[in-house]
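A structural walkthrough
Residue strings, one per chain:
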Amino acid sequence: MSNQLTAEQTRKIEENRRKALERRAQRLGQIASSNNQTSGSFSSTPEPPKANLNTCTLIRVTSNSGSAPKLLGLPFKQDSAGLKPNASQSNSSRETKKTNPFPQADRGAPALSSGGNLVVKPRTPVPPCTNSVGGAGSFYKQANKCPVVQLPSSSSNFSAVPAKKPAISVRGKCLPHTEGRFRVEVGYHAELIAVFKSIPSKNYAPARDAAALTALLKLCNGWQKPGAGLQGQCVLVSPTKFEVDVSYNADVIAAFKLMPTKNYDLKTRKWSFSLEDYRRLMDLLSKIAAVEVEPLPRAIVQAFSARFDGTEARSSDIPEADLSSIDPTLTCSLMPFQREGVNFAVSKQGRLLLADDMGLGKTVQAICIAAYYRSEWPLLVVAPSSVRFTWAEAFRRWLPSLSDDSINVVVKAKDSLQSGLVNIISYDLLSRIEKQHSGSRFSVLIMDESHFLKNMKTARCKAALPLLKAAKRVILLSGTPAMSRPSELYTQILAVRPLLFPRFHEFGLRYCDAKQSTWGWDYSGSSNLGELKLLLEESLMLRRLKSDVLAQLPAKQRKVVTVTTDSINSRIKAALSAAAKQLSKGHRNKKEEKEALLVFYNHTAEAKLQAIMEYITDMLEGGREKFLVFAHHKLVLDHITAELEKKNASYIRIDGSTPSAERQQLCEKFQFSTNSCVAVLSITAANMGLTLHSADLVIFAELFWNPGVLIQAEDRVHRIGQTNNVNVHYLVAKGSADDHLWPLIQEKMNVLEQVGLSESNLSDNAVNASFHSKDPTQRRITEMFQRSFTEDDGDEAVLLEAASSWEEAENHSVKTTA
Ligand SMILES: Nc1ncnc2c1ncn2[C@@H]1O[C@H](COP(=O)(O)OP(=O)(O)OP(=O)(O)O)[C@@H](O)[C@H]1O
């Protein structure tokens, strides 16, 4: 075979080589151009990582300098205008890229467009990265086991460019987070955020720059109250601004003027700044020897840490909690602001002080929050003794999936504290059995009327604190967390966020105007209240006033308060059960039947005395300033007024014996009283013609068979001139005539509602399901009540007379036995 090539063969080989070289050059050119320009269209939503998407937390990654998102894993700083929608910047950034043919060199300097309208530009060139994946450095090294989220650098702006190999501008990673959750750490990208927002279990937490936070906290540590020189103080005045309260000093003013976010208020003559300037300003001020400025407290720095570096998560960003596992009876009933309350609680990992105004449904929100953490139950509810059974009823109403025997109301010291899935105990009983149950642990805890904890030295508080310390979720409820001074808030703050103020003295100095006297420190004052409010709202407290959500509320809201007669003495107990027995027997005629009913009703009044007073006392202790208490029996009215006198509580009383000339004066005394005042009123003698709308709470200590009379009584408060929604509480005692009277009232009210004569919200049968007894004997008695008290209302006067004459006789024997 000859080695020689013909001229033709040589020409063909040469031609093929040339064509191959051309193709290669073309290919290389295409790769360079696709790397150089932003390529690929981002037409479809990126696939979320293939991890379990049931729960996830999103972390915004910040640069080491703490001020800007981390893109390509490199520390970037925002341009002076910060992150903002800016079309012209976006265009100019594209041009920069077009004129720079080398993608590697480009990485340090370009403005990268995210989502089409956000531009992040490095202020200084960044050294070329050595990481073969694309220069993410340590950021990628950590991600060896986790899926990596990769996104094209831009959206669909360059769809005409071949999209073979999209350049990655935003990389992130999935990491295990808290129990049952994973988190995605990734720089900002609009489309990605949209995907995140579509995931029900999302939760957003800004990334914290540990080094920056430590430096800020150091400022707090180093400061001690100075002895001499010009003294000043930094105070937080809004979630993003602080003020420096200091007298005139030329150097100080010069330092202030250097701050980009400075603002001088001519009225208050105070300088304020954005929190982003805080560290720099404090550095400058620390160099001025003649001046000592107290820094912001450590708690403020911790609570607002994201605002100091501009990576703030606004409160409007609170994500929707996934409530799909909770009974729809509950979730479907939540009013919008109540739903927001639940979202807030979940965003705070189930630790909060819910301080909504009275009657805004703290109970329903607390049950929903607790139900969100149902996998962590048993649950413990600690409440004032007068509402223990109301809580049990509320659980039955709102969580029908709970079996009846899983609700345990602890009533005696020897009862088990942990026998139910839901356990309910009073503060007082808890303190009495504290030692017995010192080993009890509850992950989820509700403390109703948490202002009961305001004094650390009380037995209640001492008993509650170990439980609070051990619990993972702490739901405190109070419409009045502090009634007179900020020091009353301390234990509640400690219960929810133990690390915010580990020592009371620190809290006392800042917010209680603590003063040292010869007898020690006095913490009864108050200081920096605006800052305290901001701190509480940011870190643990949610408070809505009725006026904030009035549009969502019914004008009148009725509530059944289930009270117990367990603690009555044996004489009353025996009389009550004898009356009940007598009633269940057959009766010869209607008159006999009615008499038996009345005897039962009368003994019920006597049996409820203690529970009634307990409830009124709780109301007063809870800071309810003005309210009406209606009762029917003289015995009850007398007992209430006597007890109020003992407590030195101000009250008015209007009953059948009050002359009409005096009534008006009494009403005016109540209406214009600026202090607390209770109006003790007879259901039958004070249900008409009186205006008492300076109150918005009506308590019915006793029931009455005619709902028309009850509605009229409610309307002493619910009338023209009333600017609030009105709360009506009916005290209903189990095991008494109330068991029969209540369904009767409810039924009649529903009839009135249907004909538009009552603004009742009792039509939901579930509200009072447990009062509709399944016991046939009880049902018969209820029917008897129905017959006796509905068919001929003309008999009412006779009944009232009978009730009164019974009272006269009984009163004597009660007095002698009491
Ligand atoms: N979403 C709701 N749907 C129906 N009823 C509701 C709802 N929210 C609250 N209620 C009813 O409103 C009444 C007042 O609610 P609740 O007792 O929980 O208020 P609160 O804030 O705890 O008041 P307080 O501070 O007086 O204890 C109750 O009868 C409750 O059942």
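Relevant structure appears above.
Predicted model, so just to flag it, every value in this text is computed and none were measured. Each residue is numbered by its place in its chain's sequence as written, counting from 1. Under the rules for a predicted model, residues below a pLDDT of 70 receive no local features and side-chain atom pairs below 80 are neither given nor counted, while totals for whole chains, interfaces and linings still include all residues. Water and hydrogen atoms play no part in the side-chain values, which are based on all heavy atoms of the structure.

What follows deals with the site of the ligand. Residues are classed as near a molecule or strand on a simple rule: at least one heavy atom within 4 Å of it. Close contacts around the ligand come from 18 residues, with Ser333, Lys362, Thr363, Arg397 and Lys559 the closest. Contacts described as polar in this section are N or O atom pairs within 3.5 Å, which, within protein, must combine one atom able to donate a hydrogen with one able to accept it, while residues neighboring in sequence count only if both atoms come from side chains. Glutamine 557 is positioned such that a nitrogen or oxygen atom in its side chain is 2.8 Å from an oxygen atom of the ligand. Between the ligand and arginine 558, the relevant distance is 3.2 Å, taken from an oxygen atom to a main-chain nitrogen or oxygen of the residue. Only DSSP runs of H or I with at least four residues qualify as helices, and only runs of E with at least two residues qualify as strands; both kinds are numbered from the N terminus onward. Elements that contribute at least two residues to the shell around the ligand include exactly helix H13 (362-372), helix H14 (388-398) and strand S22 (556-563). The nonpolar class holds Ala, Val, Leu, Ile, Met, Phe, Trp, Tyr, Cys and Pro. Asp, Glu, Lys and Arg form the charged class, and all remaining residues, Gly among them, are polar. Broken down by class, the residue content of the shell around the ligand amounts to 5 nonpolar, 6 polar and 7 charged. The start and end points of each domain follow an automatic or database-based domain assignment. Here the shell around the ligand gathers at least three residues from each of two domains, domain 2 (328-548) and domain 3 (556-776).

Let's shift gears to the pattern of salt bridges. Any carboxyl oxygen of Asp or Glu within 4 Å of a side-chain nitrogen of Lys or Arg constitutes a salt bridge here. Under the definition given, this model contains 25 salt bridges. Arginine 396 serves as the salt-bridge partner of aspartate 404, at 2.5 Å between the closest nitrogen and oxygen. For aspartate 715, the salt bridge goes to lysine 556, with nearest N and O atoms at 3.1 Å. With aspartate 715 in the loop between helix H25 (707-714) and strand S27 (726-733) and lysine 556 in strand S22, this pair connects stretches of sequence that are 159 residues apart.

Of note, the amide linkage connecting tryptophan 377 to proline 378 takes the cis form, showing an omega dihedral of 25°. In the Ramachandran plot, glutamate 449 falls in the positive-phi region, its phi being about 50° despite a non-glycine side chain. Of note in this structure, aspartate 513 is not a glycine but carries a positive phi near 50°. By the secondary structure assignment, aspartate 513 is in the loop between helix H18 (504-511) and strand S19 (515-517). Only protein chains enter the calculation, and the probe is 1.4 Å; a residue is then buried if its accessible area is under 20% of its type maximum, exposed if over 50%, and partly exposed in between. Of the residues examined, aspartate 513 reaches a relative accessible area of 32% and is grouped as partly exposed.

Once that is clear, we can look at the nonpolar core. Only buried Ala, Val, Leu, Ile, Met, Phe, Trp, Tyr and Cys residues count toward a nonpolar core, and they belong to the same one when joined by side-chain atoms within 4.5 Å. Core analysis: the biggest nonpolar cluster contains 70 residues, and Phe256, Leu296 and Leu468 have the highest contact counts within it. Element by element, the count of residues in this core is highest for helix H16 (residues 459-470), at 6 residues. The residues that make up this core include at least three from each of domain 1 (210-307) and domain 2 (328-548). Apart from residues no more than four positions distant in its own chain, leucine 468 is found in contact with Arg351, Leu445, Met447, Leu453, Val474, Leu476 and Ala495. Residue contacts follow a heavy-atom distance rule, with two residues in contact if any of their heavy atoms lie within 4.5 Å.

Mapped onto the elements of the fold, proline 328 is located in helix H11 (residues 328-331). The exposure class of proline 328 is exposed, given its relative accessible area of 55%. Sequence separation between proline 328 and leucine 399 is 71 residues, and the spatial gap between their C-alpha atoms is 8.6 Å.

On to the pairing of strand S17 (residues 444-447), then. Every second residue of S17 is oriented toward a common face, with Val444 and Ile446 on one face and Leu445 and Met447 on the other, all of them buried. Judged from the 4 bridges that link them, strand S14 (residues 379-383) and S17 form a sheet pairing that is parallel. If you follow valine 382 over to S17, its bridge partner there is methionine 447. Any two strands with at least two DSSP bridges between them are considered paired. When S17 meets strand S18 (residues 473-477), the two strands line up parallel, connected through 4 bridges. By the bridge assignment, leucine 445 is partnered in S18 with valine 474. Note on the crossover from S17 through H16 to S18: the handedness is right-handed. By convention, a crossover is right-handed whenever its connection, traced from the first strand over the helix to the second and viewed with the strands pointing away, goes clockwise.

Every axis in this analysis is a line fitted to C-alpha atoms, fitted for helices over the stretch in contact. Angles between the N-to-C directions lie between 0 and 180 degrees. Viewed as axis vectors pointing N to C, helix H12 (residues 336-347) and H13 meet at an angle of 40°, and their least axial separation amounts to 9 Å. Classified by the angle their axes make, H12 and H13 are oblique. For the element pair H12 and H13, the recorded crossing hand is right-handed. Of the residues in H13, those in contact with Phe337, Gln338, Gly341, Val342, Ala345 and Val346 of H12 are Val364, Gln365, Cys368, Ile369 and Tyr372. Class assignment of the residues belonging to the contact of H12 with H13 gives a composition of 8 nonpolar, 3 polar and no charged. In this scheme, roughly parallel covers angles under 35 degrees and roughly antiparallel covers those over 145, while 65 to 115 is roughly perpendicular and the rest are oblique. By definition, turning the near helix anticlockwise from the far helix through less than a right angle yields a left-handed crossing, and turning it clockwise yields a right-handed one.

So, about the environment of cysteine 368. Within the secondary structure layout, cysteine 368 lies in helix H13. In this structure cysteine 368 comes out as buried when scored by relative accessible area, which is 0%. For the pair cysteine 368 and leucine 334, spaced 34 residues apart in sequence, the C-alpha to C-alpha distance is 9.1 Å. In contact with cysteine 368, not counting residues within four places along its chain, are Leu323, Ile326, Leu330, Thr331, Leu334 and Val342.

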